[in-house]
Amino acid sequence: MKILVSGGAGYIGSHTVLQLIAAGHDVVIVDNFSNSRPTVLGRLEALTGQAMSMHAFDLCDYDKTEHLFATEDFDAVIHFAGHKAVGESVEKPLDYYENNLGSTFSLVRAMQRYDVDKLVFSSSATVYGTDQAGATEDRRTFATNPYGWTKVMQEQILRDVAVAAPQMRFALLRYFNPVGAHPSGTIGEDPNGIPNNLMPFIAQVAVGKREKLSVYGDDYDTVDGTGVRDYIHVEDLAAGHVAALEALTTTTEPVNTWNLGSGQGTSVLQLLKAFERVVGRELPYEVVARRPGDVASSFADPSKANAELGWRTKKTIDDMCADVWRWQSQNPEGYGG
């Protein structure tokens, strides 16, 4: 199939592009590089041995989006593009609603006009709000921040479109905490500014880019008092997108929702200790106040994806830490180094 991957130069998008190509698909990337680097394209070409088909523009530009669909004959779309920082969404809610919803409006309108009927949507565990422990796909969705609400709203928009256009097929993939990097160390997560997620923060401490890790609270009702999360290797996550795409070619359901996660929780301190085992030394950290809105425990129930997609996670926490350290140590400044 010929697949358009929006946000394909980003962290999860780039790893998914590799697996799509490995599965024999023809991939076209669209990305405005607001949270990614053009450098990744050369690395993807080196890893795949083929030139990347790339369009650099913002999907909120409907004219450019429509022109892309008019000139390329797509079979399906995987939609990663969007702003994704929870804290920033609280500070800039209008930017998040305008960008995340606008890009989806533009994309789905173009899909309908040019008879592209399959979309895999990058959703998030944030749609479960504060009720994220052992979440199943039938749990009520809500959010605690503007970023989360954009995901809840986009899911609802796609469901409504499916009612009006029953030939469409949508996969809503709710995933938890993507970490890890390609085992070659060639591509990985390169956050702009201060990382919003734990693993890249630990990696930057390990490589000497940051003085110490801030642990937000150690008095939660968890195994060691620190927050527990369901970490999923980005390679496993990418494989889940490929599996969901394949499922859309045979399913009779207009909308399919799947959790992608390990089903296991790992605490902040457990993840830190795993990373210390990989680097062979202790890493400095400081316990600070809880962050508003953080939940004690968040992990998936992935049994539906296991059964319906034949998909499950394969990589361990130690695998995740080893791959992140390989990426970070080889690229201490990320793609800009």
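What you see is a predicted model; the values in this text were computed from it and never measured. (Residues numbered from 1 in each chain as written. Predicted model: local features only at pLDDT ≥ 70, side-chain atom pairs only at ≥ 80, totals over all residues. Heavy atoms only, no water.)

1. Quick look at the overall build of the chain
Right, on to step 1. Looking only at helices and strands, the chain features 11 helices and 15 strands.
Right, on to step 2. Its C-alpha radius of gyration of 19 Å places the chain within 12% of the 20 Å reference for a compact globule of 337 residues.
Right, on to step 3. With the C-alpha coordinates of the chain rotated into their principal frame, the extents come out at 55 × 45 × 40 Å.
Right, on to step 4. When each of the 337 residues of the chain is scored for burial, the buried share is 55%.
Right, on to step 5. Taking the 29 positively charged and 43 negatively charged side chains of the chain as two groups, their mean positions are separated by 2 Å. (Helix = DSSP H or I, 4+ residues; strand = E, 2+ residues; numbered from the N terminus. Rg over C-alpha atoms; globule rule 2.2 N^0.38 Å. Buried < 20%, exposed > 50% of the residue type's maximum accessible area, 1.4 Å probe, protein only. Lys, Arg positive; Asp, Glu negative; His and termini not counted. Charge placed at Lys NZ, Arg CZ, Asp CG, Glu CD.)

2. A word on helix α3 (residues 62-71)
Right, on to step 1. Turning to α3, its buried residues number three or more, namely T65, E66, L68 and F69. Projected down its long axis, α3 carries its buried residues within an arc of 155°, all on one side. The outward face of α3, more than 90 degrees from its buried face, is lined by the exposed residues D63, H67 and T71.
Right, on to step 2. Structurally, α3 contributes buried residues whose contacts are with β1 (2-6), β2 (26-30), β3 (53-55), β4 (76-79) and α5 (93-113).
Right, on to step 3. Where α3 begins, the side chain of D61 points an oxygen toward the backbone nitrogen of D63, at a separation of 3.2 Å. (Arc of directions from axis to C-beta. Contact = heavy atoms within 4.5 Å. Polar contact = N/O pair within 3.5 Å; in protein donor to acceptor, adjacent residues only side chain to side chain.)

3. Thoughts on the pairing of strand β5 (residues 118-122)
Right, on to step 1. β5 sits mainly inside the fold: 5 of its 5 residues count as buried.
Right, on to step 2. By the alternation rule, side chains of β5 split into K118, V120 and S122 and L119 and F121, which are all buried.
Right, on to step 3. With 3 bridges connecting them, β4 and β5 associate as parallel partners. Within the sheet, the bridge partner assigned to H79 lies in β5 and is F121. (Pairing = 2+ DSSP bridges.)

4. Looking at the nonpolar core
Right, on to step 1. Within the largest apolar cluster, 40 residues are counted, with the highest numbers of intra-cluster contacts made by V17, L20, L44, V120, L173, W258 and L260.
Right, on to step 2. Sorting elements by how many residues they give to this core places helix α8 (residues 234-248) first, with 8 residues.
Right, on to step 3. Here this core spans two domains, since at least three of its residues come from each of domain 1 (2-178 + 231-260) and domain 2 (180-230 + 263-330).
Right, on to step 4. In this structure, V17 is in contact with V5, G8, V27, I29, L44 and M52, ignoring residues within four places of it in sequence.
Right, on to step 5. Of all hydrophobic cores here, the second largest spans 24 residues; its members include F201, Y231, F275 and C321. (Core = buried A, V, L, I, M, F, W, Y, C linked by side-chain atoms within 4.5 Å. Domains from an automatic or database assignment.)

5. Focus on the sheet that holds strand β10 (residues 228-229)
Whether parallel or antiparallel, the strands of a sheet pair through hydrogen bonds between backbone atoms.
Right, on to step 1. A sheet is described by the order of its strands in space; here 4 strands give the open sequence β6-β15-β10-β13, paired in mixed fashion. Taken across any chain shown, the strands that pair with only one partner, and hence form the sheet edges, are β6 (133-135) and β13 (266-267).
Right, on to step 2. Two elements, β10 and β13, share 2 bridges in a ladder whose sense is antiparallel. Counted as the bridge partner of R229 is T266 from β13.

6. Description of the domain arrangement of the chain
Right, on to step 1. The assigned domain composition of the chain is domain 1 (2-178 + 231-260) and domain 2 (180-230 + 263-330).
Right, on to step 2. For domain 1 and domain 2, the distance between their C-alpha centres works out to 23 Å.
Right, on to step 3. Taken together, the contact pairs 38 residues of domain 1 with 38 residues of domain 2.
Right, on to step 4. Of the roughly 3,300 Å² buried between domain 1 and domain 2 on both sides combined, carbon and sulfur atoms contribute 60%.
Right, on to step 5. Broken down residue by residue, the surface that domain 1 buries against domain 2 is led by Y231, H233 and D236, which jointly contribute 26%.
Right, on to step 6. Counting across the domain 1 and domain 2 interface gives 1 salt bridge.
Right, on to step 7. Of the charged contacts, one joins R37 and D190 as a salt bridge, the two residues approaching to 4.0 Å between their closest N and O atoms. (Buried area = accessible area lost by both parts, 1.4 Å probe. Salt bridge = Lys/Arg side-chain N within 4 Å of Asp/Glu carboxyl O.)

7. Section: the packing of aromatic side chains
Right, on to step 1. Taken as a whole and judged by the stated rule, the model has 4 aromatic pairs.
Right, on to step 2. Measuring from ring centre to ring centre gives 5.2 Å for F69 and F74, while their planes differ by 70°; the resulting arrangement is edge-to-face.
Right, on to step 3. Look at F69 and you get buried, because its relative accessible area is 3%.
Right, on to step 4. Where W327 meets Y335, the ring centres are 4.9 Å apart and the plane angle is 55°; that geometry is what we call tilted.
Right, on to step 5. The class of Y335 is buried, set by a relative accessible area of 8%.
Right, on to step 6. The positively charged end of R210 is found above the aromatic ring belonging to F201, 5.5 Å away from the centroid.
Right, on to step 7. Positioned above the aromatic ring of Y220, the side-chain terminus of R290 is 3.9 Å from the ring centre. (Phe/Tyr/Trp six-rings, centres within 6.5 Å; stacked < 30°, edge-to-face > 60°. Lys NZ or Arg CZ within 6 Å of the ring centre and 35° of its normal.)

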